[in-house]
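Now for the letters of each chain:
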Amino acid sequence: MFFKKSIGAFLNLPLRAKLILSFLIVICLGGILSLIFGTRLEHKTILSLAQAKVKHDLASARMVYNERLYDLRDIVRFNSTHESIQKAIKQNEKDILGKYLTSVRTEFNLDVLTLTDAQGKVILRTAQPEIWGDDQSKDSLVRQALKGKTISATQIIPREELIKEGKGLAGRAYLKIIPTPKAAPRPKEHEEDGMMLKAASPVKDKNGTLLGVLYGGILLNQNYEIVDKVKEIVFKGEKYKGAEIGTATIFQHDLRISTNVKKTNGQRAIGTRVSREVNQAVLKEGKTWLHRAFVVNDWYLTAYEPIKNIEGKIIGILYVGMLEKPYIDLRNKVMITFTVMAIICVVILLIMLFFITSTIIQPLRGMVYATNKIAQGDLNTKVEISVRDEIGQLAQSFNQMTENLKKANEKLIHWGKTLEKRVEERTKELREMQDSLVQSEKLASLGKIAAGVAHEINNPLTSILINTYLMKEKIKTNHTFYENLSLIADETSRCANIVKGLLEFSRQEPPKKAYEDINKIINRTLQLLKNQASFQNIRIIKKLNQNLPQIKLDKNKIQQVFWNFMINASDAMPKGGILTITSDFSKEKKNIEVTFYDKGIGIPQKNINKLFDPFFTTKKSGTGLGLAVSYGIIKQHQGNIKVKSEQDQGSVFTISFPIS
Ligand SMILES: Nc1ncnc2c1ncn2[C@@H]1O[C@H](COP(=O)(O)OP(=O)(O)O)[C@@H](O)[C@H]1O
Ligand SMILES: [Mg+2]
């Protein structure tokens, strides 16, 4: 549950945090693992290094020990070959012998220096001259020397012999055993025998005849010469934080008899014993024993090896111990350095990570910014990323997508605009259609009424006219009614004209269409108009396209239409003016257009819509039927009429005929 939650939280983190966190986990894990393995390895290395050192030190200690033994042997041998000794033995000059050998003993710091005769009986004991004559031939070394060999070894010397050999020797050897809990059991609570470095050499005369044996010895019990020399040579007497770095000890069996390990009170720690383990390994099995051990009050790396007597029997132990603390401190120091370096590395890596992730995140930020802008509708935004990795590719396809989106959007906008225009056009067309429908409707209904009325009025009007003319013929021109009759005749003929127009207007008969040249119709109409009085001041400008095709139309009706337009134009220019007549293709070449352009009085805006209404006129003697009739005819030809006019400037009437 918690695990799931933390994964969820992790996934919701910002990308940079996620990257850094993942790397951090990897780095920390790696760091911790390498720290664990590193310290283990380092611990092992340092410890094995220390162990190798302590082993080496043990060998050095052994060298110091043996050196002392060989030194002793050389002293004994050298003096045994001394001529004066041979002479003294032969002539039994005990005084001279005693003086000389005593000086040798004290000079070389020996505890024992004794001379026997050829049978092994003591002649002179320099350390205790009063005791002599005892037999030493049983002693292993003396026995060998009596056979002519110079020999040296470590030997256990029993208390009786110690008492004989010198004053105080037995006292030095006597040691009360301090109870040691871990040590193996021991029969006695004290030690009275001594351990001695001993050398013996035969004394011969010139002929090689054995005269006696000279033997010397150094009692090791409570003699600190060797152990201190080991300390001095091997460990150079160094101390570490007040504690001795190196210590050496000589054991008689398992008992410390010579050591520089100090007790807490500063005294040398003699009288204690080795542990059962060491006892078993070194004394019983004869092995070298390397281990760490707690000695007095510090941990030591220790090494033990057996000391053997001349028969090869293990009689004691040589020990060196090296303070573990310097190595532990070294190990800790290395570990701390290692840890600090690891932390520094992590920090450096983190800083690097920050910049590295920046280079990754930056382009993504750019993307996010760009997408936001695009989402807000700015399709001109582009993601500027120069790198060619996956993000770069993403940016590229993103830009492509935006480009496509932009194009689609533009298309849509364009389409919307054309749609608007189309709707507008269509609406206009529809309105026009409706208008013309209304117009046609009006005309149709009006036509019916007009036809009825005209038919009824035409006959009475004709008879009024005929009777008026008859009456006029019967009276003289100066008759009082003559003027009145003329007026009646004029007005009646005007009425007849209206009726005639009405009849024309209402005539619903279909046009008789044939292929005609429209220019020809224009010209013929003009021909007829020339004689009209109102046309005398009008200048006609013709711009006729001679390449127009013939189209199907009723030439009489179209002539009537053209006539109407031209008459209207001349009416609009009572003082004369220019009438321009053109014929041409329409823009799309679908229609033929004929225009009448006059520079007359023009039409006020409010009247434009009423022009084609029947009976709409602004003229005194107008019928208001000309345009209405014309409209009807043009519609019968599927054509159209458009008006453009400006007051006091003139008017343009455009009639269009479909070509097909
Ligand atoms: N070219 C023109 N210039 C100015 N007004 C015109 C022109 N053509 C027609 N009109 C106007 O249109 C009205 C209707 O014309 P029309 O139907 O021919 O009847 P009428 O000519 O008998 O008045 C005219 O009275 C006039 O006001
Ligand atoms: Mg008219």
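Preceding block: the structure.
Just so it is clear, the structure is predicted and the values come from calculations on it, not from any experiment.

Calculation notes
- Residues numbered from 1 in each chain as written.
- Chains lettered and ligands numbered in written order.
- Predicted model: local features only at pLDDT ≥ 70, side-chain atom pairs only at ≥ 80, totals over all residues.
- Heavy atoms only, no water.
- Patch = residues over 30% accessible without salt bridge, like charges linked within 9 Å, V, L, I, M, F, W, Y side chains within 5 Å.
- Areas by Shrake-Rupley, 256 points an atom, 1.4 Å probe, with all protein chains shown as cover.
- Salt bridge = Lys/Arg side-chain N within 4 Å of Asp/Glu carboxyl O.
- Helix = DSSP H or I, 4+ residues; strand = E, 2+ residues; numbered from the N terminus.
- Phe/Tyr/Trp six-rings, centres within 6.5 Å; stacked < 30°, edge-to-face > 60°.
- Buried < 20%, exposed > 50% of the residue type's maximum accessible area, 1.4 Å probe, protein only.
- Lys NZ or Arg CZ within 6 Å of the ring centre and 35° of its normal.
- Axes fitted to C-alpha atoms, helices over the stretch in contact; angles between N-to-C directions.
- Left-handed = near helix turned anticlockwise from the far one by under 90°.
- Contact = heavy atoms within 4.5 Å.
- Nonpolar A, V, L, I, M, F, W, Y, C, P; charged D, E, K, R; others polar.
- Near = heavy atom within 4 Å.
- Polar contact = N/O pair within 3.5 Å; in protein donor to acceptor, adjacent residues only side chain to side chain.
- Pairing = 2+ DSSP bridges.
- Disulfide = S-S within 2.5 Å.
- Core = buried A, V, L, I, M, F, W, Y, C linked by side-chain atoms within 4.5 Å.

### Here we look at a nonpolar patch on the surface
Line of reasoning, step 1. The grouping of Ile336, Val340, Ile344, Ile348, Leu349, Met352, Ile356 and Ile360 at the surface amounts to a nonpolar patch, some 680 Å² of accessible area in total.
Line of reasoning, step 2. Summarising the element assignment, Ile336 is placed in helix H10 (residues 325-375).

### Digging into the packing of aromatic side chains
Line of reasoning, step 1. Following the criterion strictly, the structure yields nine aromatic pairs and no others.
Line of reasoning, step 2. Between the aromatic rings of Trp289 and Tyr304, the centroid separation amounts to 5.7 Å while the plane-to-plane angle is 65°, which identifies the pairing as edge-to-face. In this pair, Trp289 is assigned in strand E12 (residues 289-295) and Tyr304 in strand E13 (residues 298-308), connecting sequence segments 15 residues apart.
Line of reasoning, step 3. Residue class for Trp289 comes out buried when judged on its relative accessible area of 15%.
Line of reasoning, step 4. Residue class for Tyr304 comes out buried when judged on its relative accessible area of 5%.
Line of reasoning, step 5. A ring pair is formed by Phe565 and Phe596, whose centres lie 5.6 Å apart and whose planes are at 5°; its orientation type is stacked. Of the two residues, Phe565 is situated in helix H14 (residues 555-572) and Phe596 in strand E19 (residues 591-598); the sequence distance between them amounts to 31 residues. With respect to class, Phe565 is no different from Phe596; both count as buried.
Line of reasoning, step 6. Positioned above the aromatic ring of Tyr224, the side-chain terminus of Arg268 is 4.2 Å from the ring centre.
Line of reasoning, step 7. Lying across the ring of Phe585, Lys589 places its NZ or CZ 5.1 Å from the centre.

### Quick notes on the packing of helix H3 (residues 83-91) against helix H4 (residues 94-107)
Line of reasoning, step 1. Here H3 crosses H4 at 145°, and the two axes come no closer than 9 Å. Of the two possible hands of crossing, H3 and H4 adopt the one that is left-handed. Between H3, through Ile85, Ala88 and Ile89, and H4, the contact on the second element is made entirely by Leu97, Tyr100 and Leu101.
Line of reasoning, step 2. Tallied by class, residues from the contact of H3 with H4 come to six nonpolar, no polar and no charged.

### Describing the site of ligand 1
Line of reasoning, step 1. The immediate surroundings of ligand 1 are formed by 19 residues, with Thr617, Thr618, Lys619, Thr623 and Leu627 found nearest.
Line of reasoning, step 2. Separating an oxygen atom of ligand 1 from a side-chain N or O atom of Asn568 is a distance of 3.0 Å.
Line of reasoning, step 3. Interatomic distance of 2.7 Å between a side-chain N/O atom of Lys619 and an oxygen atom of ligand 1.
Line of reasoning, step 4. For the shell around ligand 1, the secondary-structure elements that each account for two or more residues are H14, helix H16 (626-636) and strand E21 (650-658).
Line of reasoning, step 5. The element that contributes the greatest number of residues to the shell around ligand 1 is H14, accounting for three residues.
Line of reasoning, step 6. Grouping the constituent residues of the shell around ligand 1 by class yields eight nonpolar, nine polar and two charged.

### Some words on the pairing of strand E18 (residues 577-585)
Line of reasoning, step 1. Examined bridge by bridge, strand E16 (residues 538-544) and E18 share seven bridges and lie parallel to one another. Within the sheet, the bridge partner assigned to Lys542 lies in E18 and is Ile581.

### Notes on the sheet that holds E18
Line of reasoning, step 1. Spatial ordering of the open sheet is given by E16-E18-E19-E21-E20, a layout of five strands whose pairing is mixed. Both outer strands of the open sheet, E16 and strand E20 (640-646), are each paired with one neighbouring strand and no more. Sheet twist, expressed as the mean angle between neighbouring strand axes with direction ignored, is 15°.
Line of reasoning, step 2. Sheet contacts for helix H13 (residues 518-529): E16, E18, E19 and E21; angle to E16, the most-contacted strand, approximately 170°.

### Some thoughts on the state of the cysteines
Line of reasoning, step 1. Within this structure, the stated rule accounts for zero disulfides.
Line of reasoning, step 2. Of all cysteine sulfurs in the structure, the one in Cys345 sits closest to Cys28, which takes part in no disulfide; the separation is 12 Å.
Line of reasoning, step 3. Looking at Cys345, the relative accessible area reads 43%, which means it is partly exposed.

### Examining the nonpolar core
Line of reasoning, step 1. Ranked by internal contacts, the top residues of the largest apolar core, which has 52 residues, are Leu115, Ile250 and Val320.
Line of reasoning, step 2. No other element matches the eleven residues that helix H2 (residues 15-80) contributes to this core.
Line of reasoning, step 3. Residues Leu529, Leu544, Val561 and Ile608 belong to the second largest nonpolar core, which totals 45 residues.

### Observations concerning the sheet that holds E13
Line of reasoning, step 1. Reading across from one edge, E11-E10-E14-E13-E12 is the order of the five strands in this open sheet, with antiparallel pairing throughout. Of all strands in the sheet, those with a lone pairing partner are strand E11 (255-259) and E12, marking the two edges. If you compare each strand with its neighbour and ignore which way they point, the axes differ by 35° on average.
Line of reasoning, step 2. The pairing of strand E10 (residues 246-252) with strand E14 (residues 314-323) spans seven bridges and is antiparallel. Paired with Gly246 across the bridge in E14 is Met322.
Line of reasoning, step 3. Those strands touched by H2 are E10, E12, E13 and E14, and its axis lies near 130° from that of E14.
Line of reasoning, step 4. Set on the sheet, helix H8 (residues 225-234) makes contact with E10, E11 and E14; between it and E10 the angle comes to about 155°.

### Comments concerning the environment of Gln155
Line of reasoning, step 1. With respect to the helices, strands and loops of the structure, Gln155 is situated in strand E3 (residues 151-157).
Line of reasoning, step 2. A relative accessible area of 7% means that Gln155 is categorised as buried.
Line of reasoning, step 3. Gln155 sits 156 residues away from Glu311 along the chain, and the two C-alpha atoms are 9.6 Å apart.
Line of reasoning, step 4. If we skip the residues at most four places from it in the chain, Gln155 touches Ser140, Leu141, Gly194, Met195, Met196, Lys198, Asn309, Ile310 and Ile315.
Line of reasoning, step 5. Within the structure, the side chain of Gln155 is placed 3.3 Å from the backbone nitrogen of Ile310, a separation counted as a polar contact.

### A few points about the side chain of Asn221
Line of reasoning, step 1. Along the polypeptide, Asn221 turns up in the loop between strand E7 (210-219) and H8.
Line of reasoning, step 2. A polar contact of 2.8 Å, which involves the side chain of Asn221, links it to the side chain of Gln252.
Line of reasoning, step 3. Excluding residues within four positions of it along the chain, Asn221 makes contact with Arg172, Ala173, Asp193, Gly194, Met195, Gln252 and Ile257.

### What about unusual backbone geometry?
One can expect most non-glycine residues to show negative phi and most peptide bonds to be in trans.
Line of reasoning, step 1. Of note in this structure, Asn109 is not a glycine but carries a positive phi near 65°.
Line of reasoning, step 2. Mapped onto the elements, Asn109 comes out in the loop between H4 and strand E1 (112-117).
Line of reasoning, step 3. Non-glycine residue Phe615 carries a positive phi angle of around 75°.

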